[in-house]
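# Remarks on the overall topology
Each chain, letter by letter, is given below.
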Amino acid sequence: MKQIPCALTIAGTDPSGGAGVQADLKTFQELKVYGMSAITSIVAQNTTGVRDVHHIPVEMIRQQLQSVSEDMPIHALKTGMIAQKNMMEAFKEWLEKVDAFYVMDPVMVAQSGDPLIESESREYLKKQLLPLTTLVTPNIPEAEHLTGETIETEEDMKMAAKHIVTDLGAGAALVKGGHLNGKAIDYLFDGSRIQSFETERIDSANTHGTGCTYSAAITANLSRGHSLGKAVEEAKYYVTEAIRYSFDLGKGNGPTNHFAVREEVFNKWL
Ligand SMILES: Nc1ncnc2c1ncn2[C@@H]1O[C@H](COP(=O)(O)OP(=O)(O)O)[C@@H](O)[C@H]1O
Ligand SMILES: Cc1ncc(COP(=O)(O)O)c(N)n1
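The rules behind each value
- Residues numbered from 1 in each chain as written.
- Chains lettered and ligands numbered in written order.
- Predicted model: local features only at pLDDT ≥ 70, side-chain atom pairs only at ≥ 80, totals over all residues.
- Heavy atoms only, no water.
- Helix = DSSP H or I, 4+ residues; strand = E, 2+ residues; numbered from the N terminus.
- Buried < 20%, exposed > 50% of the residue type's maximum accessible area, 1.4 Å probe, protein only.
- Contact = heavy atoms within 4.5 Å.
- Lys, Arg positive; Asp, Glu negative; His and termini not counted.
- Charge placed at Lys NZ, Arg CZ, Asp CG, Glu CD.
- Near = heavy atom within 4 Å.
- Polar contact = N/O pair within 3.5 Å; in protein donor to acceptor, adjacent residues only side chain to side chain.
- Areas by Shrake-Rupley, 256 points an atom, 1.4 Å probe, with all protein chains shown as cover.
- Nonpolar A, V, L, I, M, F, W, Y, C, P; charged D, E, K, R; others polar.
- Pairing = 2+ DSSP bridges.
- Right-handed = clockwise from strand over helix to strand, strands pointing away.
- UniProt positions renumbered as here; feature names shortened; annotations may be inferred.
- Phe/Tyr/Trp six-rings, centres within 6.5 Å; stacked < 30°, edge-to-face > 60°.

## Thoughts on the overall build of the chain
- What the chain contains, in helices and strands, is nine helices and 10 strands.
- Along the first, second and third principal axes, the C-alpha set of the chain runs to 45 × 45 × 40 Å.
- Scored against the burial criterion, the 270 residues of the chain give a buried share of 54%.
- Here the contacts in the chain between residues at least 6 apart in sequence split such that 66% fall between residues at least 24 apart.
- The positive charge centre, built from 25 side chains, and the negative charge centre, built from 35, are 3 Å apart in the chain.

Put into structure tokens, the structure is as follows:
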């Protein structure tokens, strides 16, 4: 019998259901992948911003990871918010014993502007975790932090993607253009060639959790055995439709619609 693809997210939470672990598990489910999660921090947040953060003790993170890997298959995994350096150290030690595609969403700041990781962990992420990735998916501010370069044009985005792979050692880099004006274009550099993924910009403020959704969809597609290019292409479609039919929920930037690509529900929201 064919085995179901299994994907794991290692991330913080969003009780309002739009970002973090909640967004990741919804995405895995929609893409018919068995979803698993290890929680790094509990974040009191909603569509308007972050109110408080409780970090899970590092030993408990270690135990969660061990509980998954000693019992369950993991075909692909992603990391989102890993706030502290000691959490990253525990994750790295565990990851070195696991054979799975690794997608890093280098979460640093929430869309509301609230910081989600401590400054000393940024360096660790860059130096120690980045070289272990199959793919890293920075938005423009995150790519600027990783490269130390200002990114204002599509040329800059391509340069940043190359820099992150060639000089910083990531397996591949997808620099996302959500924060630029004009069309929504992302650039993937896989070590040998640049590919672009482009859609029109949707006039919507409901973009809470778009980065989480996108990287989770890529992770799900890799766990199914898709090539990197196909995994990104299909995930781009998923996130675009999730933004197009996003929900006007909450008082801030509303969440994406994970039902959007499901035909029967898709029609209902038209
Ligand atoms: N208004 C929009 N219309 C269409 N696509 C968008 C829009 N905003 C963001 N995107 C796309 O959503 C994905 C997430 O990108 P981005 O917003 O840059 O990431 P993050 O949520 O990490 O800040 C990218 O593919 C980006 O191009
Ligand atoms: C726990 C957690 N992780 C990540 C994000 C970033 O979300 P976005 O996808 O909107 O950048 C968030 N707001 N909360």
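## Observations regarding the site of ligand 1
- With respect to spatial proximity, 15 residues lie near ligand 1, and among them Asn 139, Lys 176, His 179, Asp 186 and Ile 202 are the closest.
- Contact between ligand 1 and Gly 178: an oxygen atom at 3.1 Å from a main-chain N or O atom of the residue.
- Taking 550 Å² as the accessible area of ligand 1 by itself, protein coverage stands at 94%.
- Contributing elements (two or more residues each) for the shell around ligand 1: β9 (184-189), α7 (210-223) and α8 (228-244).
- Here the shell around ligand 1 takes three residues from α7, the largest share from any one element.
- Of the residues in the shell around ligand 1, the class split is four nonpolar, six polar and five charged.

## Some points on the pairing of strand β6 (residues 101-104)
- Relative to β6, strand β5 (residues 76-79) runs parallel, the two sharing four bridges. Bridging across to β6, Lys 78 finds its partner in Val 103.
- The parallel pair β5 and β6 is bridged by helix α3 (residues 85-95), and the resulting crossover is right-handed.
- As judged from the two bridges shared by β6 and strand β7 (residues 135-136), these two strands associate in the parallel manner.

## Observations concerning the UniProt feature "domain: Pyridoxamine kinase/Phosphomethylpyrimidine kinase" (unreviewed entry) in the chain
- Within this structure's numbering, the places UniProt gives as "domain: Pyridoxamine kinase/Phosphomethylpyrimidine kinase" (unreviewed entry) are residues 14-257.
- Here residues 14-257 runs as 40% helix and 18% strand, with 15 Å between its end C-alpha atoms.

## Some words on the site of ligand 2
- Not every one of the 16 residues close to ligand 2 is listed here, only the nearest: Gly 12, Gln 45, Gly 209, Gly 211 and Cys 212.
- Contact distances for ligand 2 include 2.8 Å between a nitrogen atom and a side-chain N or O atom of Gln 45.
- Note that an oxygen atom of ligand 2 is positioned 3.1 Å from one of the backbone N or O atoms of Gly 211.
- Taking 370 Å² as the accessible area of ligand 2 by itself, protein coverage stands at 94%.
- Top contributing element to the shell around ligand 2 by residue count: α7, with three residues.
- Partitioning the shell around ligand 2 into residue classes produces six nonpolar, 10 polar and no charged.

## Observations concerning the pairing of strand β1 (residues 6-11)
- In terms of burial, β1 is a largely internal element, six of the six residues being buried.
- Where burial is concerned, the two faces of β1 agree: the one with Cys 6, Leu 8 and Ile 10 and the one with Ala 7, Thr 9 and Ala 11 are both buried.
- Examined bridge by bridge, β1 and strand β2 (residues 34-39) share six bridges and lie parallel to one another. Each residue of the ladder has a partner; that of Ala 7, found in β2, is Gly 35.
- As a crossover connection, the stretch from β1 through helix α1 (residues 20-30) into β2 is right-handed.
- As paired elements, β1 and β5 share four bridges and run parallel to each other. Among the inter-strand pairings, Leu 8 is bridged to a residue of β5, identified as Leu 77.

## Describing the packing of aromatic side chains
- According to the stated counting rule, one finds three aromatic pairs in the structure shown.
- Taking 6.1 Å as the distance between ring centres and 35 degrees as the angle between the ring planes, the aromatic pair formed by Phe 91 and Trp 94 counts as tilted. One end of the pair, Phe 91, and the other, Trp 94, are both in helix α3, three residues apart, so they sit about a helical turn from each other.
- Accessibility expressed as a relative area gives 1% for Phe 91, which makes it buried.
- Considering the side-chain rings of Phe 91 and Tyr 102, the 5.4 Å spacing of their centres and the 65 degrees angle between planes classify their relative orientation as edge-to-face. Here the residue Phe 91 occupies a position in helix α3, and Tyr 102 occupies one in strand β6, the gap between them amounting to 11 residues.
- Using a relative accessible area of 1% as the deciding quantity, one classes Tyr 102 as buried.
- Ring pairing ties together the aromatic residues Phe 91, Trp 94 and Tyr 102, which thus form one cluster.

## Details of the environment of Arg 262
- Secondary-structure assignment places Arg 262 in the loop between α8 and α9 (263-269).
- Residue Arg 262 is classed as partly exposed on the basis of its relative accessible area of 31%.
- It is 16 Å that separates the C-alpha atoms of Arg 262 and Asn 221, two residues lying 41 residues apart in sequence.
- Looking at Arg 262, its side chain comes within polar contact range of the side chain of Glu 30, at 2.5 Å.

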